[in-house]
Amino acid sequence: MIGKPAPGFALTAGDGKTYNLQDCAGKPVVLVFYPMDNTPGCNKQLSALRDDKDKFDQAGALIFGVNPAGQESHQKFCDGFGFRFPLLSDPEMKVAQAYGAARGTYNRRTVVVIGRDGLVKFHRYGMPTDDEILEAVR
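To start, this report covers the structure provided alongside it.

The rules behind these values
- Residues numbered from 1 in each chain as written.
- Predicted model: local features only at pLDDT ≥ 70, side-chain atom pairs only at ≥ 80, totals over all residues.
- Heavy atoms only, no water.
- Buried < 20%, exposed > 50% of the residue type's maximum accessible area, 1.4 Å probe, protein only.
- Helix = DSSP H or I, 4+ residues; strand = E, 2+ residues; numbered from the N terminus.
- Pairing = 2+ DSSP bridges.
- Arc of directions from axis to C-beta.
- Contact = heavy atoms within 4.5 Å.

Remarks on the pairing of strand β8 (residues 110-114)
Two faces make up the sheet, and in a regular strand the side chains alternate between them. Within β8, 5 of the 5 residues are buried, leaving the element largely enclosed by the surrounding structure. Covered by surrounding structure in β8 are Thr-110, Val-112 and Ile-114 together with Val-111 and Val-113, the residues of both alternating faces. With 5 bridges joining them, strand β3 (residues 29-33) and β8 adopt antiparallel strand pairing. In the strand pairing of β8, Phe-33 is matched with Thr-110. As defined by bridge partners, β8 adjoins strand β9 (residues 120-125) across 5 bridges and the pair is classed as antiparallel. From the neighbouring strand, Val-112 faces β9, where its bridge partner is His-123.

See below:
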């Protein structure tokens with residue numbers, strides 16, 4: 001997947017806004033596919049990104065969390081943890097499948113960085129550090 005064009009998507013966030021990859025052209029995009037809202041591992045991973053969001057902003061990167069949960073669940077999760085990036089709903093897991101993050105009815109914890117040129121620069125399962133992700137963004 002690395003070096004190939006990123007699959008397009010249009011997904012809705014907890015706040016009701018739809019985000020389209022085409023609208024992000026020219027900016028690095030970090031997609032964080034995570035299994036479930038409000039679970040210990042997901043809380044830890046997304047909270048680390050929240051805490052380092054200013055570093056991602058300085059690099060010009062957009063961060064999106066993605067999983068199959070609905071908009072209401074995502075908004076509660078965002079509000080409860082103060083996430084400053086959208087959590088996108090992928091109920092049919094089509095985007096997760098396109099990025100190799102689907103595992104049964106849940107997402108496999110996967111981080112993808114899409115470069116300014118629209119190509120996949122980074123694809124890693126698990127919880128890479130924010131520094132590793134930022135390195136790929138730059």
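That was the structure; now back to the text.
As for the pairing of strand β1 (residues 10-13)
By the alternation rule, side chains of β1 split into Leu-11 and Ala-13, which are all buried, and Ala-10 and Thr-12, of which none is buried. Of the pairings in the sheet, the one linking β1 to strand β2 (residues 18-20) comprises 3 bridges and is antiparallel in character. Residue Thr-12 lies in a different strand from β2, and its bridge partner there is Thr-18. Counting the residues that bridge the hairpin from β1 to β2 gives 4 residues, and of these Gly-16 lies at a positive phi of roughly 90 degrees. By the bridge criterion, 2 bridges tie β1 to strand β5 (residues 87-89) in an arrangement that is antiparallel. In the sheet register, Thr-12 faces β5, and the bridge partner there is Ser-89.

Concerning helix α5 (residues 130-137)
Where α5 is concerned, the buried positions are Asp-130, Ile-133, Leu-134, Ala-136 and Val-137. Buried residues along α5 cover an arc of 160 degrees about the axis, so they all sit on one side. Of the exposed residues in α5, the ones pointing more than 90 degrees away from its buried face are Asp-131 and Glu-135. Packing partners of the buried residues in α5 comprise β3, α1 (40-51), α2 (53-58), β8 and β9.

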